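Residues per chain are reported as follows:
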Amino acid sequence: MKYILMLCIGLIWGSQFLLNDMILKSFSPLGLAALRMFFGFITLSVLIFILPKERKKKVKLDKKLLVLFIALGATDAAIPFYLIGYGQTQLDSAVVAIILGIIPVFTAILQNLVGKGKKSGKWEYVGMAVAFVGLYILIDPSADSFSGSFSGYAAILGAAFCFAWAFMFMDRIPSRISALHASRFILMIYSIPFLAYWLYVEGFQLPTDTQAWLSLFILGMFASGIVYLFYIQSVRIAGPTFTSFSNYLVPLIGTFLGVIFLKEDFTINIAMALVLTILGLIICNRKS
């Protein structure tokens, strides 16, 4: 089950590269972030309404749970979205993808320091190293790609650290709260303020590109809505460290989608990255 969840997360996050290209032709990055969270919130709200079992459930928010959801929304959406946006103005996107590959390492370290349950062992770190080599081979940045400002590197490392903390917070969501209700509430906290701020900054002159709106709706539905269900469920089943490993699948799946839909070449780098990522997964799950 945990591998199915990981594959679903990789497919959803990997597909967003294709959609972002179409969306950003008509929307600003701020509009993209605000609307994808809002559409994700709407999607999860509809699911709760149409599923009788979920509709009957009530989430009782105490102060501790509210603080947890606010922290989770900040570390998994608001703060890293801004840091990545800034970092990409300072660094090549290939370098950004490689730096974000450190998320599983940060997650494993935090799991050993403050995490609940099973701690990360040596085989997890070996598996991460093998998969990271696969990520580097896949992207294959040139030496010139690594030129950039210190603030850009700091921003992307900060985003990676935020995502690692988000996995820790997901692991602390009480089991009595369904993944669907938890995800909806997290998105609700930030989607409304982001949407209001976007409209305030950019006004009500909304884009009219139908294809961009459709792509944005699909992106919000899956990559900012349903994917949260998979993340929370995966953390509950397999733990934060294993779930964070999906970050190695995202660029790989995005590349495969480019090969299939954009007729890009299937290179030896892609084949080697696939082998090393699978090998890393096998090593990561070896029993100590």
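Numbers given to residues run from 1 along each chain, matching the order in which its sequence is written. Thresholds applied to this predicted model are a pLDDT of at least 70 for local features of residues and 80 or more for the giving and counting of side-chain atom pairs; totals over whole chains, interfaces and linings are not thresholded and use all residues. For side-chain calculations, the full set of non-hydrogen atoms in the structure is used, while hydrogens and water are omitted.

### Notes on the overall build of the protein chain
Then, in step 1: The helix and strand tally for the protein chain stands at 13 helices and 0 strands.
Then, in step 2: Start at the N end of the protein chain and walk to the C end: the helices and strands fall as α-α-α-α-α-α-α-α-α-α-α-α-α.
Then, in step 3: Using C-alpha atoms as the atom set, the radius of gyration is obtained and then compared with a globule rule of 2.2 Å times the number of residues to the power 0.38. At 19 Å, the protein chain has a C-alpha radius of gyration in line with the 19 Å of a compact globule built from 288 residues.
Then, in step 4: Overall, the C-alpha framework of the protein chain stretches about 45 × 45 × 35 Å when taken along its three principal axes.
Then, in step 5: A 1.4 Å probe rolled over the protein chains alone gives each residue an accessible area, and that area as a share of the maximum for its type sets the label: buried under 20%, exposed over 50%, partly exposed in between. Relative to its 288 residues, the protein chain shows a buried fraction of 50%.
Then, in step 6: Sequence-distant contacts, at least 24 apart, represent 87% of the contacts inside the protein chain between residues at least 6 apart. Helix numbering and strand numbering both begin at the N terminus, where a helix is a DSSP run of H or I of at least 4 residues and a strand a DSSP run of E of at least 2. Contacts are residue-level and defined by heavy atoms, with any inter-residue pair within 4.5 Å sufficient.

### A closer look at empty space enclosed by the protein
Then, in step 1: Only protein atoms enter the 1 Å grid, on which a cavity is a set of points fitting a 1.4 Å probe that cannot get out and a pocket is an open set with protein on both sides within 12 Å along at least 5 of 7 lines, lining residues being those with an atom within 4 Å of a point. Grid points are joined across faces, edges and corners, and a volume is the space filled by probe spheres set on the points. Applying the stated criterion to the full structure yields 1 cavity of 30 Å³ or more.
Then, in step 2: Reported here for the largest cavity is a volume of approximately 60 Å³.
Then, in step 3: For the largest cavity, the full set of lining residues is Trp13, Arg36, Met37, Asp76, Ala77, Phe81, Phe163, Leu187, Ala223, Ser224 and Tyr228.
Then, in step 4: When residues of the lining of the largest cavity are traced back to their parent elements, those giving at least two are α2 (29-50), α4 (63-87) and α10 (210-238).
Then, in step 5: Only Asp, Glu, Lys and Arg are considered charged, only Ala, Val, Leu, Ile, Met, Phe, Trp, Tyr, Cys and Pro nonpolar, and every remaining residue, Gly among them, polar. For the lining of the largest cavity, a count of residues per class yields 8 nonpolar, 1 polar and 2 charged.

### A look at helix α9 (residues 179-202)
Then, in step 1: Here α9 is 24 residues long and its end C-alpha atoms lie 34 Å apart, about the 34 Å a rise of 1.5 Å per residue gives.
Then, in step 2: At Met188, α9 is bent by approximately 30°, the largest bend along its length.
Then, in step 3: Just downstream of α9 lies Gly203, where phi reads positive at about 80°. Expected span of a helix, by definition, is 1.5 Å for each gap between consecutive residues, and there is one gap fewer than residues. We define the bend at each residue as the angle formed by axes fitted to the 7 residues ending at it and the 7 residues starting at it.

### Focus: the packing of aromatic side chains
The geometry of an aromatic ring pair comes down to the distance between the two centres and the angle between the two planes.
Then, in step 1: Here is the rule: rings of Phe, Tyr and Trp (six-membered ring for Trp) pair when centre to centre is within 6.5 Å. Planes less than 30 degrees apart are stacked, more than 60 are edge-to-face, and the remainder are tilted. All chains considered together, the criterion is met by 11 aromatic pairs.
Then, in step 2: Geometrically, the ring pair formed by Phe38 and Phe39 is tilted, given 6.1 Å between the ring centres and 55° between the ring planes.
Then, in step 3: The partly exposed category is assigned to Phe38, whose relative accessible area is 21%.
Then, in step 4: One aromatic cluster is present, formed by Phe106, Phe161, Trp165 and Phe169 through successive ring pairs.

### Here we look at α4
Then, in step 1: Look at α4: 34 Å from first C-alpha to last across 25 residues, which is about the 36 Å you get at 1.5 Å a residue.
Then, in step 2: Approximately 45° is the largest bend angle found in α4, and it occurs at Ala74.

### With respect to the pattern of salt bridges
Then, in step 1: By convention in these notes, a salt bridge is any Lys or Arg side-chain nitrogen within 4 Å of a carboxyl oxygen on Asp or Glu. Inspection of the entire model under this criterion finds 1 salt bridge.
Then, in step 2: Across the salt bridge formed by Glu54 and Lys57, the nearest N and O atoms sit 3.6 Å from each other.
Then, in step 3: Taking the relative accessible area as the measure of exposure, Glu54 reaches 12% and is therefore buried.

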